[in-house]
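Notes for the structure review
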Amino acid sequence: MSVGKGVFLSFITMCISIITSAQIVEPVKWTFTAKTLSETEAEISATAKIDGGWHVYALKVSDKADAIGPIPTSIKLDKSSKYEALGKPSEGKYITHYDPNFEMDLNYFENTAVFKQKIKIKSQEKFKCVGTLEYMACNDEKCIFPDPELFEVVIQPMAAAEGAVESAPATDNASTTPPNTNQSNTYKESHVTWTPSIVKVGDHMYELQMKATMEPGWHIYGQKVESNEGPVPTTFSFEALPSYSLNGSVLEDKPKSEYDPNFMMNLNYFEGSALFRQVVQVNGDELPTIVGSVNFMQCYESCLPPQTLFFKFDLAQMTGVLFDPLENEAVTAMSNDPFKMASVDLNAPINDCGQEKANFGLWAIFLFGLIGGLLALLTPCVFPMIPLTVSYFTKGAHKENGKAMAVMYGLFIFLIYFLLSLPFHLTKNVDPAVLNQIATNVWLNLGFFIIFVVFAISFFGFFELTLPSSLANKADNASNLGGLLGIFFMALTLAIVSFSCTGPILGSVLGSIYSDSDQISAVVNFLGMELALPAAKVSAAMAGFGLALGGPFAVFAAFPSLLKKLPKSGGWMDDFKVSLGFLELGLAVKFISNADLVSQWGVLLREVFFGIWILLGALWAAYLLGLYRFKPGQGSKGMSKTKLIVTAVVIIFTIRFVPGVMNHEGLGKMKFLSGFPPPWTYSFYERKSEFETHNNQLNEALKLAKEQNKPVFLDFTGWACVNCRKMEENVWPEPEVRHLLDSNFVMCSLYVDEKTELPADQQFIYETAQGRKKRIQDVGDRWATLQTETFNNNSQPFYALLTPDGVLLTPPSQYTPDSEEYAEWLKCGLDAYTKSQASAKK
């Protein structure tokens, strides 16, 4: 075996070994705080708690100017009109010690490290300062370069709040958990989560419970303090109504009591959690809705300003929620987490519709991935590549090694998809929705548009796309380095070019098996390897997907003799390549249409899309009829039976596309192409959706549902989602489904690929249940995260039926082309809603 081949195989072996043994190591915990120094300056502090035996490097790892060593710690602030970095970061006193591995003196910290960055304040209002800290940590055995630490801290300018104290330390949770954007106090830091609930304690007697859960180190005070000169106590108030009366005062758990030298008095306070209870007596048979509020102060090393939250207790529904009195919208179901609807229990919908919750084993997930790969094989991004692959192996491989190369080609496709799961084993900071995000990325789709246009021009005969001559020569000799590398990069090219089609399918596969946070530490065996969940599930799905996609390619390529039964190369081959060129252009239009839809440019409207396809079809037919050539001597002469059939099919489809540019609701909807062209409403003509949907307005839909006493039909969709359009154009308009949706539900569509940027004060860094940090910057980020965090799914279309209070009625549904089955699911949801209404009245 040559050295090059050995290195290549060693690399693949290393990647697989990393998957089988990798564990996330987190020897460093970071805390971010901020304090205002003056009217124009503030200081951000990053404090690291470092495990024993580990160390973090200083801002400058060595005093040598040209030193090449470990990566230093760095702080980078996001650009903002409200602040700017003032000078360079500073740090505490570090250790300098000679490191024999790097052969130089290195500067580093052990146990603890503090880095500070001053900023210039350019706003007189309270604002968030957002940034990224990168670092490297080492011990005597290894080094790690973890995911960058995303942080945000709140800066309170002195002009905005006289006598402002130091901002509360932003722990991992605090620094990344935003305020609930549906509440009136949308910009108050909150390190206390309030959960309201109701317990029936007797005839006409109910106990309203308010549970406070504090983050580590934080506390709130009891209802009584010794003096008005002390901290603000926790107090409750309730709206006075004749329908009920308060039975005594608010009861509380036994608080801790300790002398506080700052306030110079004994104080009662709560750490961890505290339960406050108010018993009420209902006067009459009608169960009222009781509105109340809590005012409290939260403290750590310093205190935040007092905060007021509002409760709403619906005794008829036996639900308690937080709400915004200015908007009169219930938002509790979200708790203090804007993306976790606490009222949604995927394991306990009101009606299970006869369905059992899927409990996927790894082999079941592998089979699921296998089916997804077979479906991806039939997509227009992949299927046209088969003849190109067969042609390559027919032309470039010798008889004695052609089959071996074909098998390696299929194996590498499998391996590439399997290795895509590697990041899930190495880091917690990989977004589970990343595959769908890539598939709908504007720049990626524009890139594919350019690639396919270049492919088409090559097929038309203007130039030939070939590998570099060095690789082409080595490809003829499978015994050297080029043989394996050439095939590997062919497989990689296929994976990259086809990803816009395979990505959504792969995302659906991964979304269906995405696990809960309590499974992160589990270890399972798959294919003889010890893998950690949920990364093991990702690897199983990827393995099945890659096998299904690579296996058929290997089979087709291993038997290139099938092509030898065709006539020898001649004019028919030119016709074949030109036909592929027109198909490539047609696909290129789809890619640029995706970019247009996601960005809502309004350029490639439905009629423009079909107009281009009609033009391409006409040019294709004209070529086949011999009316023109791209270069002299190109193409076959005469009209064979096969060429006649292909020409007829092209002409028929081209004519069938003509109604697509007209405002014809019958033929113009092109149901057989649903999902491929832009939606029916994305048009020159003034077309309205057949359904009244509240696009990207979840709170508005919940509010309207409560007013109209209807359940909510929640639709997670995307502008570039093919199966979403198929459902909207083929299933929803069916008479029974249409009647059910129109008459019985408040419909709300949430677009996960909506690129409209959120206002600056609504952008933040969010920490998921799995501890992964992500930026919430646009509307699509908001809905994609809501779907992932609440429903443990990241594929579209995804449908959920909810009560106006956010309670799940049935198991969620996804792509269901059978309209009768879909109608039964909707009926099941209505039955569940009726059941919940009847139960509430008892």
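Here the structure is a predicted model, which means the values were calculated and not measured. (Residues numbered from 1 in each chain as written. Predicted model: local features only at pLDDT ≥ 70, side-chain atom pairs only at ≥ 80, totals over all residues. Heavy atoms only, no water.)

Before going further, it helps to spend a moment on the overall build of the chain. A count of helical and extended segments in the chain gives 20 helices and 33 strands. Across the 842 residues of the chain, 50% fall into the buried class. Across the chain, contacts joining residues at least 24 apart in sequence account for 73% of those joining residues at least 6 apart. Split by element, the accessible area of the chain, about 39200 Å² in all, is 57% carbon and sulfur. (Helix = DSSP H or I, 4+ residues; strand = E, 2+ residues; numbered from the N terminus. Buried < 20%, exposed > 50% of the residue type's maximum accessible area, 1.4 Å probe, protein only. Contact = heavy atoms within 4.5 Å. Areas by Shrake-Rupley, 256 points an atom, 1.4 Å probe, with all protein chains shown as cover.)

With that settled, consider the state of the cysteines. Taken as a whole and judged by the stated rule, the model has 1 disulfide. Shown here is the disulfide that connects Cys353 with Cys828, its sulfur atoms set 1.9 Å apart. Because the torsion about its S-S bond is -100°, the bridge between Cys353 and Cys828 counts as left-handed. With Cys353 in the loop between strand E26 (329-330) and helix H2 (362-377) and Cys828 in helix H20 (residues 819-841), this residue pair connects regions lying 475 residues apart in the sequence. Relative accessible area serves as the criterion here: at 25%, Cys353 is assigned to the partly exposed category. Judged by its relative accessible area of 9%, Cys828 is buried. (Disulfide = S-S within 2.5 Å.)

To continue, consider the pattern of salt bridges. Enumeration according to the criterion identifies 12 salt bridges in this entry. Among the salt bridges present, the one from Arg775 reaches Asp78, with a minimum N-O distance of 2.7 Å. With Arg775 in strand E32 (residues 773-776) and Asp78 in the loop between strand E4 (74-77) and strand E5 (83-85), this residue pair connects regions lying 697 residues apart in the sequence. Arg775 sits in the partly exposed class, given a relative accessible area of 25%. (Salt bridge = Lys/Arg side-chain N within 4 Å of Asp/Glu carboxyl O.)

Pairing in this open sheet of 4 strands is antiparallel, and the strands run E14-E15-E21-E18 from one edge to the other. Where the open sheet ends on each side, the last strands, each with one partner, are strand E14 (192-202) and strand E18 (244-252). Shown here is a sheet whose adjacent strand axes are inclined to one another by a mean of 20°, direction ignored. (Pairing = 2+ DSSP bridges. Axes fitted to C-alpha atoms, helices over the stretch in contact; angles between N-to-C directions.)

Strand order in the open sheet formed by 3 strands is E30-E29-E33, and the pairing between neighbours is mixed. For this open sheet the edge positions go to strand E30 (746-751) and strand E33 (798-802), each flanked by a neighbour on one side alone. Averaged over all pairs of adjacent strands, the angle between their axes in this sheet comes to 20°, without regard to strand direction. When strand E29 (residues 712-717) meets E30, the two strands line up parallel, connected through 6 bridges. Paired with Thr717 across the strands is Tyr751, a residue of E30. Running over the sheet, helix H16 (residues 698-708) touches E29 and E30 and is turned about 170° from E30. Of the strands in this sheet, E29, E30 and E33 touch helix H17 (residues 722-731), which is tilted by about 140° from E29.

So, about the side chain of Thr647. You can see Thr647 is positioned in helix H15 (residues 641-657). For Thr647, a relative accessible area of 3% translates into the label buried. Those residues in contact with Thr647, other than ones at most four positions away along the chain, are Ala621, Leu624, Leu625 and Met639.

Moving on to the packing of helix H14 (residues 606-624) against H15. In contact at an axis separation of 9 Å, H14 and H15 are set at 155° when each is read in the N-to-C sense. In terms of orientation, H14 lies roughly antiparallel with respect to H15. In the packing of H14 onto H15, the handedness of the crossing is left-handed. Residues Phe610, Trp613, Ile614, Gly617, Ala618, Trp620, Ala621 and Leu624 of H14 lie in contact with H15, whose contacting residues are Lys643, Val646, Thr647, Val650, Ile651, Thr654 and Phe657. Of the residues in the contact of H14 with H15, the class split is 11 nonpolar, 3 polar and 1 charged. (Parallel < 35°, antiparallel > 145°, perpendicular 65-115°, else oblique. Left-handed = near helix turned anticlockwise from the far one by under 90°. Nonpolar A, V, L, I, M, F, W, Y, C, P; charged D, E, K, R; others polar.)

Turning to H16, its buried residues number three or more, namely Leu698, Asn699, Ala701, Leu702 and Ala705. In a view along the axis of H16, the buried residues occupy a sector of 160°, so they form one face of it. Just downstream of H16 lies Asn709, where phi reads positive at about 55°. (Arc of directions from axis to C-beta.)

The next thing to look at is the packing of aromatic side chains. All chains considered together, the criterion is met by 42 aromatic pairs. Seen in terms of ring centroids, Phe109 and Phe115 are 5.4 Å apart; in terms of plane orientation they differ by 75°. Their pairing is edge-to-face. An angle of 55° between the planes, with centres 5.0 Å apart, marks the rings of Phe460 and Phe582 as tilted. Of the two residues, Phe460 is situated in the loop between helix H7 (442-459) and helix H8 (469-475) and Phe582 in helix H13 (residues 571-599); the sequence distance between them amounts to 122 residues. Feature note: the residues Trp30, Phe32, Tyr94, Phe109, Phe115, Tyr135 and Phe151 constitute an aromatic cluster, connected by ring pairs. Directly above the aromatic system of Phe691 lies the positively charged group of Arg738, at a separation of 5.7 Å from the ring centroid. Over the ring of Trp783 we find Arg782, and its NZ or CZ is 5.6 Å from the ring centre. (Phe/Tyr/Trp six-rings, centres within 6.5 Å; stacked < 30°, edge-to-face > 60°. Lys NZ or Arg CZ within 6 Å of the ring centre and 35° of its normal.)

Bringing the pairing of strand E17 (residues 235-238) into the picture now. Covered by surrounding structure in E17 are Phe236 and Phe238 only, the residues Thr235 and Ser237 on the alternate face being uncovered. Here E17 runs beside strand E22 (residues 289-296); their pairing, made up of 4 bridges, is antiparallel. Counted as the bridge partner of Thr235 is Asn295 from E22.

Now for the nonpolar core. If you look at the biggest cluster of nonpolar residues, it comprises 32 residues, and the most contacted ones within it are Trp30, Ile119 and Ile155. Counting residues per element, the ones that place at least two in this core are strand E1 (28-36), strand E2 (41-50), E4, strand E9 (112-121), strand E10 (127-134) and strand E13 (149-155). (Core = buried A, V, L, I, M, F, W, Y, C linked by side-chain atoms within 4.5 Å.)

Below, the discussion takes up unusual backbone geometry. One non-glycine residue, Asn111, lies in positive phi territory at about 70°. In this structure, Asn111 sits in the loop between strand E8 (104-110) and E9. Despite not being glycine, Asn709 shows a phi value in the positive range, around 55°. By the secondary structure assignment, Asn709 is in the loop between H16 and E29. What makes Asn709 partly exposed here is its relative accessible area of 43%.

Note on placement: Asn594 falls in helix H13. Within the structure, the side chain of Asn594 is placed 3.2 Å from the side chain of Asn445, a separation counted as a polar contact. (Polar contact = N/O pair within 3.5 Å; in protein donor to acceptor, adjacent residues only side chain to side chain.)

Before going further, it helps to spend a moment on the confidence of the model for the chain. Of all residues in the chain, 73% attain a pLDDT of 70 or more, and the chain-wide mean is 76. Within the model, the stretch residues 17-22 combines pLDDT values under 50 with 14 contacts to residues more than four positions away or in other chains. Scored below 50 in pLDDT, residues 514-533 makes 50 contacts in the model with residues more than four places away or belonging to other chains. (pLDDT = per-residue confidence, 0-100.)

For Lys669, the position within the fold is in the loop between H15 and H16. On the accessibility criterion, Lys669 (15% relative accessible area) is buried. Each C-alpha atom of the pair Lys669 and Asn730 lies 9.6 Å from the other, and the pair is 61 residues apart in sequence. Each residue touching Lys669, except ones within four places of it in the same chain, is listed here: Arg606, His664, Trp680, Glu690 and Glu729.

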